[in-house]
Amino acid sequence: MRGVVKIINPYDPGEFPRSGEVLQLGSNENPYPPSERVRKAYCEAAAKINRYPDARYQELKEVIAEYVECDAKNVALGCGASELINRVCDCIVEELDKVVIPMPSYTLYAIYAMLRSASIEMPVFKSYRIDAEAIAELKPKLTFVCSPNNPTGNVVDRKTIKRLAEVSQYLVIDEAYAEFASKSCVDLALQLENVIVLRSFSKFFGLAGLRVGYAIANEEIADAIERVRLPFAISQPALSCAIAAIEDVEYYEDVKRKIIEERERVSRELSKRFFVYPSEANFILVKVEEGFSRRMLERGIIVRRISLPGLEGEHARITIGTKEENDALLAKIQ
Ligand SMILES: *Cc1c(COP(=O)(O)O)cnc(C)c1O
């Protein structure tokens, strides 16, 4: 067994509801059900699951390319954005290469960088206000930024991102929540040779249970990722639903408007008692009293307790649910 495997802290997936009574606001899922069109695509795909899916996934790549306005050659696919984090490390990171992960942010980057035996630096920036010059001094082979950031919810400004692209050999911008912010750096990934944008169908498109993600990058990088990913990383039902979801984007835009409206309402309400980080995603980070997340769980609501460098004291990351779910949350907090 490789030593590194023994010292990796496994990814913490948080709590999962054990009964239907429990309200899941801990995993940043979309609380709304799939559109009719997506359900239909799923049922039709069920009849074909004895077959492998089309391994090149050309149709999905073309639909994504149209959605983000690029060429299908700039698209690489994965089993969730999670697989792409792994594959980007596989393609880029050699033993002892410097991988920089500004904190507080998503913890999965460090796991796959460690598996490549990288030399990892995790500089801490208050409220995820990244100082690109401080990162320049670290001379990164690869830098991971998350925008909007999980768990702080803020978008990293373009000037900082452009500077990070100059000071890093490669820059990954994780845009799992980009649709909620209506801000994206896909254009930078198409202009610059060393920038990779990661996207997911799990949040805005509500397909967390099906596992589809993609990367946008220049042709050479996209091709490299395509070479090393699993041959049939995306199942037929996932493939069919991802295509149907993009074709039904108006439905999801509607859902997004509801979530953003609710995010603002829940933020306003919770601000009366707690410090709430301004968010451009489908969750909010709240500075809470000791034991808050545990007490919420006892009352049947799962929120994510966040313990990361740069966040002193207890914090809870709360996913924005439907209006009814948020009402239940606010009532329990009262
Ligand atoms: C949810 C999430 C992902 C991974 O999403 P997949 O379900 O694997 O597509 C990636 N990055 C961040 C920051 C996330 O919050």
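Residues numbered from 1 in each chain as written. Predicted model: local features only at pLDDT ≥ 70, side-chain atom pairs only at ≥ 80, totals over all residues. Heavy atoms only, no water.

Each helix and strand counted, the protein has 14 helices and 13 strands in total. Referenced to the eigenvectors of the C-alpha coordinate spread, the extents of the protein come out at roughly 55 × 55 × 45 Å. Expressed as a percentage of contacts within the protein between residues at least 6 apart in sequence, the contacts between residues at least 24 apart total 72%. Of the roughly 15,700 Å² of accessible surface on the protein, 50% is carried by carbon and sulfur atoms. When the 45 positive and 50 negative side-chain charges of the protein are each reduced to one mean point, those points stand 4 Å apart. (Helix = DSSP H or I, 4+ residues; strand = E, 2+ residues; numbered from the N terminus. Contact = heavy atoms within 4.5 Å. Areas by Shrake-Rupley, 256 points an atom, 1.4 Å probe, with all protein chains shown as cover. Lys, Arg positive; Asp, Glu negative; His and termini not counted. Charge placed at Lys NZ, Arg CZ, Asp CG, Glu CD.)

Regular strands show a simple pattern: their side chains alternate between the two faces of the sheet. Along strand S10 (residues 283–287), four of the five residues are buried, which leaves the element largely enclosed by surrounding structure. Note: strand S9 (residues 275–276) against S10, two bridges, orientation antiparallel. The residue bridging Phe275 from the neighbouring strand is Lys287, located in S10. Pairing of S10 with strand S13 (residues 315–319) involves five bridges; the strand directions are antiparallel. From the neighbouring strand, Lys287 faces S13, where its bridge partner is His315. (Buried < 20%, exposed > 50% of the residue type's maximum accessible area, 1.4 Å probe, protein only. Pairing = 2+ DSSP bridges.)

This part covers the site of the ligand. Every one of the 13 residues lining the ligand counts as a neighbour, but Ser82, Asp174, Tyr177, Ser202 and Lys203 are closest to it. One nitrogen or oxygen atom from the main chain of Ala81 is found 2.6 Å from an oxygen atom belonging to the ligand. A distance of 2.6 Å separates an oxygen atom of the ligand from a polar side-chain atom of Ser202. Bound to the protein, the ligand loses 93% of the 380 Å² it would expose on its own. If you map the ligand onto the pockets, it falls in the largest pocket. (Near = heavy atom within 4 Å. Polar contact = N/O pair within 3.5 Å; in protein donor to acceptor, adjacent residues only side chain to side chain. 1 Å grid on protein atoms, 1.4 Å probe; cavity = no way out; pocket = protein on both sides within 12 Å on 5 of 7 lines; lining within 4 Å. Sits in = over half its atoms within 2 Å of the grid points.)

Where nonpolar side chains cluster on the molecular surface, the patch consists of Met1, Val5 and Leu115 and spans about 310 Å² of accessible area. Looking at where Met1 falls in the secondary structure, it is placed in the segment before helix H1 (3–7). (Patch = residues over 30% accessible without salt bridge, like charges linked within 9 Å, V, L, I, M, F, W, Y side chains within 5 Å. Salt bridge = Lys/Arg side-chain N within 4 Å of Asp/Glu carboxyl O.)

Okay, the layout of surface pockets next. Approximately 930 Å³ is the volume found for the largest pocket. Lining the largest pocket are 39 residues, and of these Tyr11, Asp12, Tyr106, Thr107 and Arg304 lie nearest its centre. Residue composition of the lining of the largest pocket, by class: 19 nonpolar, 12 polar and eight charged. Estimated volume of the second largest pocket: approximately 220 Å³. Lining the second largest pocket are 16 residues; nearest its centre among them are Pro34, Gly206, Leu207, Ala208 and Gly209. Among the residues forming the lining of the second largest pocket, the class breakdown is 10 nonpolar, four polar and two charged. (Points joined across faces, edges and corners; volume = space filled by probe spheres on them. Nonpolar A, V, L, I, M, F, W, Y, C, P; charged D, E, K, R; others polar.)

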